[in-house]
Amino acid sequence: MPLRSVHIVLTYRCTYECSHCFLHCGPNQPGSMSMMEMEGLIDQAASIDGVERVYFEGGEPMLYYPLVERGVRQVGELGLSSGIVTCGYYATTVPDGEMWLRPLKELGLSSLDVSIDGLHGTGDAMTHGRNLVDAANILGLDVNVISVCDPREDECKDASLPRPGEEASPAMLRGRAAHELVEGLEVHHLGQFTECPHEELERPTRIHVDPYGNVHICQGILAGNVWDSSLPQLVKGYDPHAHPVLGPLIEGGPEALAKAQGIDTDPQYASECHACYEIRKGLLRETRMRRFIGPNQVYGEEPEPPPNSYV
Ligand code: SF4
Ligand code: SF4
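The rules we used
- Residues numbered from 1 in each chain as written.
- Chains lettered and ligands numbered in written order.
- Predicted model: local features only at pLDDT ≥ 70, side-chain atom pairs only at ≥ 80, totals over all residues.
- Heavy atoms only, no water.
- Core = buried A, V, L, I, M, F, W, Y, C linked by side-chain atoms within 4.5 Å.
- Buried < 20%, exposed > 50% of the residue type's maximum accessible area, 1.4 Å probe, protein only.
- Helix = DSSP H or I, 4+ residues; strand = E, 2+ residues; numbered from the N terminus.
- Near = heavy atom within 4 Å.
- Nonpolar A, V, L, I, M, F, W, Y, C, P; charged D, E, K, R; others polar.
- 1 Å grid on protein atoms, 1.4 Å probe; cavity = no way out; pocket = protein on both sides within 12 Å on 5 of 7 lines; lining within 4 Å.
- Points joined across faces, edges and corners; volume = space filled by probe spheres on them.
- Polar contact = N/O pair within 3.5 Å; in protein donor to acceptor, adjacent residues only side chain to side chain.
- Contact = heavy atoms within 4.5 Å.
- Sits in = over half its atoms within 2 Å of the grid points.
- Phe/Tyr/Trp six-rings, centres within 6.5 Å; stacked < 30°, edge-to-face > 60°.

## Here's the deal with the nonpolar core
In globular proteins that are soluble, nonpolar side chains generally tend to be buried together.
Next, step 1: With 77 residues, the main nonpolar core has Val 6, Ile 8, Phe 56, Ile 84, Leu 101 and Leu 231 as its most contacted residues.
Next, step 2: Among the elements that take part in this core, helix H4 (residues 124–139) stands out by supplying six residues, more than any other.
Next, step 3: Membership of the second largest hydrophobic core comes to eight residues, among which are Leu 119, Leu 173, Leu 181 and Ala 270.

## Focus on the site of ligand 2
Next, step 1: Neighbouring ligand 2 are Arg 174, Cys 196, His 198, Glu 199, Cys 218, Ile 221, Leu 249, Glu 272, Cys 273, Cys 276 and Arg 280.
Next, step 2: Top element by residues in the shell around ligand 2 is helix H8 (residues 272–283). It accounts for four residues.
Next, step 3: Partitioning the shell around ligand 2 into residue classes produces six nonpolar, one polar and four charged.

## Quick notes on empty space enclosed by the protein
Next, step 1: Taken as a whole, this structure holds two cavities of 30 Å³ or more when the rule is applied.
Next, step 2: There is about 110 Å³ of room inside the largest cavity.
Next, step 3: Counting residues per element, the ones that place at least two in the lining of the largest cavity are helix H7 (246–261) and H8.
Next, step 4: The dominant element in the lining of the largest cavity, judged by the number of residues it contributes, is H8, at five residues.
Next, step 5: Of the residues contributing to the lining of the largest cavity, the split by class is ten nonpolar, no polar and three charged.
Next, step 6: Lining the second largest cavity are Glu 199, Arg 206, His 208, His 216, Ile 217, Cys 218 and Gln 219.
Next, step 7: By residue number, the principal contributor to the lining of the second largest cavity is strand S9 (residues 214–218), which donates three residues.

## Notes on the side chain of Gln 29
Next, step 1: By the secondary structure assignment, Gln 29 is in the loop between strand S1 (5–9) and helix H1 (35–46).
Next, step 2: The exposure class assigned to Gln 29 is buried, which follows from its relative accessible area of 9%.
Next, step 3: Only 2.7 Å separates the side chain of Gln 29 from the backbone oxygen of His 24, close enough to count as a polar contact.
Next, step 4: Excluding residues within four positions of it along the chain, Gln 29 makes contact with Tyr 12, Arg 13, His 24, Gln 297 and Pro 303.

## Describing the site of ligand 1
Next, step 1: Lining the immediate environment of ligand 1, one finds Cys 14, Tyr 16, Glu 17, Cys 18, His 20, Cys 21, Cys 25, Gly 59 and His 120.
Next, step 2: At a threshold of 2 Å from the grid points, most atoms of ligand 1 map onto the largest pocket.
Next, step 3: Classifying every residue of the shell around ligand 1 by side-chain character gives five nonpolar, three polar and one charged.

## Some thoughts on the packing of aromatic side chains
Next, step 1: Throughout the structure, instances matching the rule amount to six aromatic pairs.
Next, step 2: Ring centres 5.2 Å apart and planes at 80° place the aromatic pair Tyr 65 and Trp 100 in the edge-to-face group. Separated by 35 residues along the polypeptide, Tyr 65 in helix H2 (residues 65–77) and Trp 100 in helix H3 (residues 94–106) bring together distant segments of the chain.
Next, step 3: Of the residues examined, Tyr 65 reaches a relative accessible area of 16% and is grouped as buried.
Next, step 4: An angle of 70° between the planes, with centres 6.1 Å apart, marks the rings of Tyr 89 and Trp 100 as edge-to-face. Of the two residues, Tyr 89 sits in the loop between strand S3 (81–86) and H3 while Trp 100 sits in helix H3, which places them eleven residues apart along the sequence.
Next, step 5: Taken together, the ring pairs in this structure connect Tyr 65, Tyr 89, Tyr 90 and Trp 100 into an aromatic cluster.

## Some thoughts on the environment of His 7
Next, step 1: Looking at where His 7 falls in the secondary structure, it is placed in strand S1.
Next, step 2: What makes His 7 buried here is its relative accessible area of 6%.
Next, step 3: Separated by 209 residues in the primary sequence, His 7 and His 216 have C-alpha atoms spaced 9.6 Å apart.
Next, step 4: With residues up to four places along the chain from it excluded, the contact list for His 7 reads Tyr 55, Glu 57, Arg 206, Ile 207, His 208 and Val 209.
Next, step 5: For His 7, the side chain forms a polar contact with the side chain of Ser 5, separated by 3.1 Å.

In short, geometric facts, not functional conclusions.
Written out as structure tokens, the structure is:
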């Protein structure tokens, strides 16, 4: 696995509950990674040849600000660059945004990705996101805006929302989006979905690690658990062709996954990701698959709290 970046999903908790969220994040999702878990994971990431960058994401990582602060400092001390993906809920004004970002900039934060679009909200959510972008620009941080739109719109209407140079793309139909943004979309037979068009499943350059220690290759597809082994071991031993979900997806996309797993579901889907997500959701309760797909909240099921979580 030619890994370049490790994305730490500090928490599934979020101030918002967006209809397009890949992970079913929201205010009722429990807990986060602990400090020791996060520090151990960053040390492991830094020990892997080729890893250059660690991101702090969620959910909303800034709900656990002390962890982000400590993590950004550690990443800098280890000679890697750091990034944060955030909705900016705390930037009620531009000076408030500066107050939250300045300590992180001083600790060496390399970049900031801010989610701004109509699916996150056109009222306060958008104002706060914009305030955070302005604050980041004042501080000289490298800032990028992430925007998506409802795939059911003829045109990406939110394209009118970003500023010049910013671009919205249709939300992908995974997680909550597969439940809430599908109705009304044209559907096609499963046989048309014979590849994964969006992720480098065979040779991933990025992975996500969540508060349970799960290593995600795509959201909800697990390559192992860093609390059971270690990240360097998992990266070294990565064998996607032997994986009961990744192997078929690489060979022939969602159609091959359904055939390999003997899934008999409604074979009409709106996209590769929609098919892939629904097939995996159908496998979630099978004990033999629990190492390979999860955790519950990614699939909209009742979550367990992370093992060493804060409340
Ligand atoms: S899309 Fe982002 S802001 Fe919205 S619920 Fe998910 S993590 Fe939170
Ligand atoms: S097809 Fe499946 S593995 Fe590929 S990007 Fe979509 S959800 Fe992820």
